[in-house]
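Listed below are the residues making up each chain.
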Amino acid sequence: MEQHHDGWKRRDFLKTAALTLAGVAVPFTSAQTRQFSQTDLQVWSCGGLAEAMMPAHELYEQRTGVKISYTGAFAAALGKSLLGSAQTEVFCGRVLSLSQKLRQTGKMVYFKPLCFTSYVVVTPLGNPAGIRELKDLARPGIKVVLAPDASPPGGKAADLILKKAGLYEAVRKNAVVLGTCVQRTLEDIITGRGDASVVEFRLTKIPRFANKVEVIPIPDRLFPPAPLTFTAGVMQSAKDRTLADDYVDYITSPVGQAFFEKFGFIPAISAQGQELTEKLGVKDV
């Protein structure tokens with residue numbers, strides 16, 4: 001069932017994404033014409049993927065008539081459950097080592113790269129403090145909002161980025177908020193409580209935050225590798241392998257990947273996604 005998209009160009013991807021998200025039918029080579037042995041499929045993912053997964057599931061259900069029973073929750077909790085006695089049919093998880101461990105223990109049949117996350121500096125609209133790049137967060141008088149105690153990888157990832165840039169101590173001195181929730185961090189930026197923060201780009205695409213902050217890129221050389229990767233894998237407990245394979249083919253196809261682009265992820269089949277796949281070794285071997 002392996003598919004290769006090495007020739008997929010960004011302009012083609014964006015065209016497909018625009019058509020898919022506009023509700024225009026885009027061809028997808030799938031097993032939808034085959035006879036599945038069941039009419040429902042259980043899919044688990046880490047909660048961060050939920051905004052992209054839910055509309056992607058709606059389209060899949062429309063095309064196949066299969067009902068997706070979806071659970072999005074904290075990745076570490078789901079992973080611990082799956083390494084124990086819990087079962088699902090498809091798992092889309094964060095952190096490559098978890099998928100590798102599920103493969104090694106025989107719980108997962110195979111996995112494919114799904115998407116990647118990235119990190120940015122955010123400021124209130126209008127960028128009143130004149131932030132231009134990450135190092136500006138260390139300027140005297142800049143009010144920084146951080147969430148070091150947020151559920152992993154939220155706060156920890158931002159700390160690692162600042163440490164890698166040699167800015168951690170200076171930026172922490174500027175912190176006016178040291179919170180426990182990355183979404184609350186964005187609320188503090190939107191309301192002007194702080195001048196800047198470091199967050200996942202995907203958070204700025206959540207409907208309640210979309211178009212309410214300014215976004216400044218951070219060089220990907222500063223990103224911590226562990227929390228960047230999301231994979232889609234078929235579990236050993238899948239009752240209908242043809243259906244589970246078809247779903248994973250769909251979610252990693254241009255049609256499925258368009259939803260991840262919309263919600264702030266780097267699709268695995270995009271040029272940047274393919275570079276990250278190679279760089280981070282996201283391969284099922």
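Residues numbered from 1 in each chain as written. Predicted model: local features only at pLDDT ≥ 70, side-chain atom pairs only at ≥ 80, totals over all residues. Heavy atoms only, no water.

### Focus on the overall build of the protein chain
Per the secondary structure count, the protein chain includes 10 helices and 11 strands. In the protein chain, which comprises 285 residues, the share counted as buried stands at 52%. A sequence separation of at least 24 residues applies to 79% of the contacts in the protein chain between residues at least 6 apart. For the protein chain, the exposed area adds up to about 13000 Å²; of that, 52% sits on carbon and sulfur atoms. (Helix = DSSP H or I, 4+ residues; strand = E, 2+ residues; numbered from the N terminus. Buried < 20%, exposed > 50% of the residue type's maximum accessible area, 1.4 Å probe, protein only. Contact = heavy atoms within 4.5 Å. Areas by Shrake-Rupley, 256 points an atom, 1.4 Å probe, with all protein chains shown as cover.)

### Examining the environment of Ala-244
Tracing the sequence through the fold places Ala-244 in helix α8 (residues 241-251). By relative accessible area, which is 0% here, Ala-244 ends up buried. For the pair Ala-244 and Phe-36, spaced 208 residues apart in sequence, the C-alpha separation works out to 9.7 Å. For Ala-244, the contacting residues outside a window of four places in its chain are Leu-41, Val-90, Val-234 and Ala-238.

### A short note on helix α10 (residues 271-280)
Every buried residue of α10 is accounted for by Gly-273, Gln-274, Leu-276 and Thr-277. Buried residues of α10, viewed axially, fall in a sector of 160°; they line one side. Exposed and oriented more than 90 degrees from the buried face of α10 are Glu-275, Glu-278 and Lys-279. Against β4 (108-116) and β11 (266-267) lie the buried residues of α10. With its phi angle positive at about 65°, Gly-281 sits one or two positions after the end of α10. (Arc of directions from axis to C-beta.)

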